[in-house]
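Topology and contacts: notes
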Amino acid sequence: MSASRRRGTTDELGPDEPDPERDGPDGADLLAALLDGMDAALCAFDADGVVTHWNREAERILGWTAAEAVGRRGFAGWAVRTADAEDVEARLMTAMQAPGRQVHEFALLTKDGGRVLVRTQSAAVHGPDGKPAGVYCAFSEVHTQIDLERSIALSEALFEDASWGVVLVDADLRPAVVNAHAARALGTGRTAVLGRPLGDLLSQGVEELESALTHVLAEGAPPAPAEMWVSVRTAEGEKRRCWRSGFLRLASPLAEEPVPLGVGWLFQDVTEAKQTEQEAALLRFRTNQLHRAARAAAECEDPGEAATVHLDFSLAGFADHALIDRVAGGPVTDGDRDGDGPPVRLVRAADTPSGAPGPSLLVGKAELPVRYAEGHPALQCVERAGSVRASAGVSDAERAREWALGRQWPEDAVHALCAVLRSRGRTLGVVTFLRGAGRSQFERADAVYAEDVAVRIAAALDLAGPAGPVRER
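Residues numbered from 1 in each chain as written. Predicted model: local features only at pLDDT ≥ 70, side-chain atom pairs only at ≥ 80, totals over all residues. Heavy atoms only, no water.

1. Things to note about the overall build of the chain
If you tally the helices and strands in the chain, you get 15 helices and 18 strands. Per-residue burial for the chain yields a buried fraction of 42% across its 473 residues. For the chain, contacts bridging at least 24 residues in sequence account for 54% of all contacts bridging at least 6. When the accessible surface of the chain is split by element, carbon and sulfur atoms take 51% of a total near 25,300 Å². (Helix = DSSP H or I, 4+ residues; strand = E, 2+ residues; numbered from the N terminus. Buried < 20%, exposed > 50% of the residue type's maximum accessible area, 1.4 Å probe, protein only. Contact = heavy atoms within 4.5 Å. Areas by Shrake-Rupley, 256 points an atom, 1.4 Å probe, with all protein chains shown as cover.)

Shown next as structure tokens:
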């Protein structure tokens, strides 16, 4: 326990002695309790350099008890080597005349003869007359102080210079502290984020994020980072991003039982890497499908059946429906498209079942042209000898249904991609891929894949022979 060499010194260094008639602890008891409850080691000297106070943390670090320390003059011969005592005491006592606190580092001796490097903060204690009455000295082991400083420096660096987002989320799942990187990722300022629900910042993915934060509060940090796709609300509109996130449960170090203060959320934007990874995986899958289709088609005796095999393999993960239309009357040469002859008509050659899943079927033996209106995407595809993309572009289900039926497609189609069937410099027809409302529009990369499939289908149809004589003028 902390102790005082004499009552008078205690009066000078601590609060005035209370009235003995009043209830409650007196000034000496209160001062002793405060000193012993400190996390830092503390000792005090009077104006003559005599130790007047020594708390439990000082006893823990050096091993000297309060009874052994209080009353000694300086540290010489017991807490400091004799050779170093004069320098140490001079540095400590200069705090009586210096303004503010003085910081020093030196080695102290433990009771068992060991040495401990400590960092001290010392300052003058003034008496009732305002004159220096002594010095107090708070000290801690240097490595402990360095660990604390590193922790503080790390916290400041994370919230200022970190190259990834750092957000402290309170127990109500609202941002309490946000670093500059995270604020930029959220599309707003650092102070504008504070205290706002995550739903105000994210339009998609907020449920998954809040579920993760709630789990961390209840169960602790997950064993590995999690990748989350979110849509961020910004002044320029919504942006789809993928964040690789790590979570840490924060607990108060001052409470006897762990009291959750919130969650530390660290994240990095890995959108480009994930998109590249997904594109590579999709390319591998489509390449494998083309390879498998080619091997299966090679076993077909009927070239028309080989064309449907290519069509069926291409649908996996790509489209919901597909159909093949051949040019009525035979292939079209490039000169035919530039002439003034009758318009090209198409005959349905194969399609996938629209009601239930199943393999593509060869149809159109009657050679009846499909009733495509002028400007139909399939006719445009033939005229251009290139791919054409089309979309219903409406959210109303009934209008989308009318759009599909008006183009002679299954009623659930909302996105279309037509790829021309070319072989030996001639146009044989068109293959059309259709997607429902649950899929995204066809992109340029989809058109490239469709063209690869079309080349294989065209080769099979060319081998099967024309439906009629070659159109020549």
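Back to the write-up after that little detour.
2. Brief notes about helix H13 (residues 377–384)
Inspection of H13 places Pro 377, Ala 378, Leu 379, Cys 381 and Val 382 among the buried residues, and these make up the whole buried set. Two residues or fewer past H13, Ala 385 is found with a positive phi of approximately 55°.

3. As for the pattern of salt bridges
Tallying each qualifying case throughout the model produces 20 salt bridges. A salt bridge links Asp 351 to Arg 348; the shortest N-O distance between them is 3.9 Å. Notably, a salt bridge pairs Arg 401 with Glu 411, separated by 3.0 Å at the nearest N-O pair. Pair noted here: Arg 401 is in helix H14 (residues 397–406) and Glu 411 is in the loop between H14 and strand S17 (415–423), with a separation of 10 residues, a long-range link. (Salt bridge = Lys/Arg side-chain N within 4 Å of Asp/Glu carboxyl O.)

4. Observations regarding the packing of helix H10 (residues 271–297) against helix H15 (residues 444–464)
Here H10 crosses H15 at 10°, and the two axes come no closer than 11 Å. Comparing their axes, H15 and H10 come out roughly parallel. Of H15, the residues touching H10 (which contributes Arg 286, Gln 289 and Leu 290) are Ala 445, Asp 446, Tyr 449, Asp 452, Val 453 and Arg 456. The residue makeup of the contact of H10 with H15, split by class, is four nonpolar, one polar and four charged. (Axes fitted to C-alpha atoms, helices over the stretch in contact; angles between N-to-C directions. Parallel < 35°, antiparallel > 145°, perpendicular 65-115°, else oblique. Nonpolar A, V, L, I, M, F, W, Y, C, P; charged D, E, K, R; others polar.)

5. As for the packing of aromatic side chains
In the structure shown here, the tally under the stated rule is 12 aromatic pairs. When the ring of Trp 243 is compared with that of Trp 265, the centres are 6.0 Å apart and the planes differ by 55°; the resulting orientation is tilted. Note that Trp 243 is positioned in strand S10 (residues 237–251) and Trp 265 in strand S11 (residues 260–269), a separation of 22 residues in sequence. When sorted by exposure, Trp 243 lands in the same class as Trp 265, which is buried. Put simply, the rings of Phe 45, Trp 54, Trp 64, Phe 75, Trp 78 and Phe 139 touch in pairs and so form one group of aromatic residues. Between Arg 435 and the ring centre of Phe 442, over which it is positioned, the NZ or CZ distance is 4.0 Å. (Phe/Tyr/Trp six-rings, centres within 6.5 Å; stacked < 30°, edge-to-face > 60°. Lys NZ or Arg CZ within 6 Å of the ring centre and 35° of its normal.)

6. Section: the side chain of Lys 274
Examined against the element boundaries, Lys 274 turns out to sit in helix H10. Setting aside its immediate chain neighbours within four residues, Lys 274 contacts Glu 227, Trp 229 and Cys 242.

7. A short note on the nonpolar core
Among the nonpolar cores identified, the biggest contains 30 residues, and Phe 318, Ile 324, Leu 421, Val 431, Phe 433 and Ile 457 are the most heavily contacted of them. Broken down by element, the residue count for this core peaks at nine residues, all from H15. (Core = buried A, V, L, I, M, F, W, Y, C linked by side-chain atoms within 4.5 Å.)

8. Things to note about unusual backbone geometry
Phi at Ala 385 takes a positive value of approximately 55°, unusual for a residue other than glycine. Its place among the elements puts Ala 385 in the loop between H13 and strand S16 (388–391). Residue Ala 385 is classed as partly exposed on the basis of its relative accessible area of 27%. Of note in this structure, Gln 408 is not a glycine but carries a positive phi near 65°.

9. With respect to the sheet that holds strand S7 (residues 175–178)
Ordered by their spatial adjacency, six strands build an open sheet running S7-S6-S11-S10-S9-S8, and the pairing between neighbours is antiparallel. Among the strands making up the open sheet, the edge pair consists of S7 and strand S8 (202–204). For this sheet, the mean inter-axis angle between neighbouring strands, taken without regard to orientation, is 40°. Against the sheet, helix H9 (residues 206–219) touches strand S6 (165–169), S8, strand S9 (226–234), S10 and S11, its axis set at about 5° to S10. (Pairing = 2+ DSSP bridges.)

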